[in-house]
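# Structural characterization, general
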Amino acid sequence: MDGTLLSFLGREREKMACIGEKTCAMRLLSARETLMLRREVAQLDCADEEERALRANAALLRTCLVQNGEAVFASAQDVENALSVGEINALVEQYALLVFSPTNCFAGLIFQ
């Protein structure tokens, strides 16, 4: 679907997010991207569920944060190295608000 049709349907596809002093776009993932991310997370070797959740959230941010059409972070590890746990959680909460916005027509997947 193109942006015009999505706007007509009332779906907000992205919003601005701040990482320190940098501003970037946080985009809503497609269903296919969400499924691919779930498969990636399922293969992570983690010590416990808390580590899995943190690494899954880092992978989500790697995928949804863009600037000028390019990913802000090259990998989930880059997210983990650049941001604190609190910053990762705050950005994931912003993503949840985008996914579950009353203007969006579907419920997405959040890794928490």
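Residues numbered from 1 in each chain as written. Predicted model: local features only at pLDDT ≥ 70, side-chain atom pairs only at ≥ 80, totals over all residues. Heavy atoms only, no water.

### Overview of the sheet that holds strand 1 (residues 14-19)
- In spatial order, the strands read 1-2-3-4; together these four strands make up an open sheet with antiparallel pairing. Edge positions in the sheet fall to strand 1 and strand 4 (70-71), since each of these pairs with one other strand and no more.
- With respect to the sheet, helix 5 (residues 85-99) is in contact with strand 1, strand 2 (22-27) and strand 3 (65-67), its orientation differing from that of strand 1 by roughly 170°. (Pairing = 2+ DSSP bridges. Helix = DSSP H or I, 4+ residues; strand = E, 2+ residues; numbered from the N terminus. Contact = heavy atoms within 4.5 Å. Axes fitted to C-alpha atoms, helices over the stretch in contact; angles between N-to-C directions.)

### Side note on the side chain of S75
- Assignment of secondary structure puts S75 in the loop between strand 4 and helix 4 (76-82).
- There is a polar contact of 3.1 Å between the side chain of S75 and the backbone nitrogen of D78. (Polar contact = N/O pair within 3.5 Å; in protein donor to acceptor, adjacent residues only side chain to side chain.)

### Things to note about the pairing of strand 2
- Sheet topology note: the strand 1/strand 2 ladder contains six bridges and is antiparallel. Each bridged residue has a counterpart across the sheet, and for A17 the counterpart in strand 2 is C24.
- With antiparallel pairing between neighbouring strands as the criterion, strand 1 and strand 2 make up a hairpin whose turn holds two residues, including G20 at a positive phi of roughly 65°.
- With two bridges connecting them, strand 2 and strand 3 associate as antiparallel partners. Note on strand 3: the bridge partner recorded for A25 is V66.

### So, helix 5
- Under the 1.5 Å per step criterion, the end-to-end length of helix 5 is 21 Å for 15 residues, consistent within 8% with the ideal 21 Å.
- All of the buried residues along helix 5 are I88, L91, V92, Y95, A96, L98 and V99. Each buried residue of helix 5 lies within a common arc of 155° when the element is viewed along its axis, so the set occupies one face.
- Check the buried side of helix 5 and you find it contacts strand 1, strand 2, helix 3 (49-64), strand 3 and helix 4. (Expected span 1.5 Å × (residues − 1). Buried < 20%, exposed > 50% of the residue type's maximum accessible area, 1.4 Å probe, protein only. Arc of directions from axis to C-beta.)

### What to know about the nonpolar core
- If you look at the biggest cluster of nonpolar residues, it comprises 24 residues, and the most contacted ones within it are I19, M26, L61, L65, L83, L91 and Y95.
- At the level of secondary structure, the elements contributing two or more residues to this core comprise strand 1, strand 2, helix 3, helix 4 and helix 5.
- The element best represented in this core is helix 5, accounting for six residues.
- The contacts of L65, once residues within four sequence positions are left out, are A17, I19, C24, A25, M26, E70, A71, V72, F73 and L91. (Core = buried A, V, L, I, M, F, W, Y, C linked by side-chain atoms within 4.5 Å.)

### Details of the packing of helix 2 (residues 31-42) against helix 3
- Interaxial distance between helix 2 and helix 3 falls to 10 Å at its minimum, and their mutual angle equals 145°. As helix 2 runs across helix 3, the sense of the crossing is right-handed. Facing L37, E40, V41 and A42 of helix 2, the residues of helix 3 in contact are R52, A56, A59, L60, R62 and T63.
- Looking at side-chain class alone, the contact of helix 2 with helix 3 contains six nonpolar, one polar and three charged residues. (Left-handed = near helix turned anticlockwise from the far one by under 90°. Nonpolar A, V, L, I, M, F, W, Y, C, P; charged D, E, K, R; others polar.)

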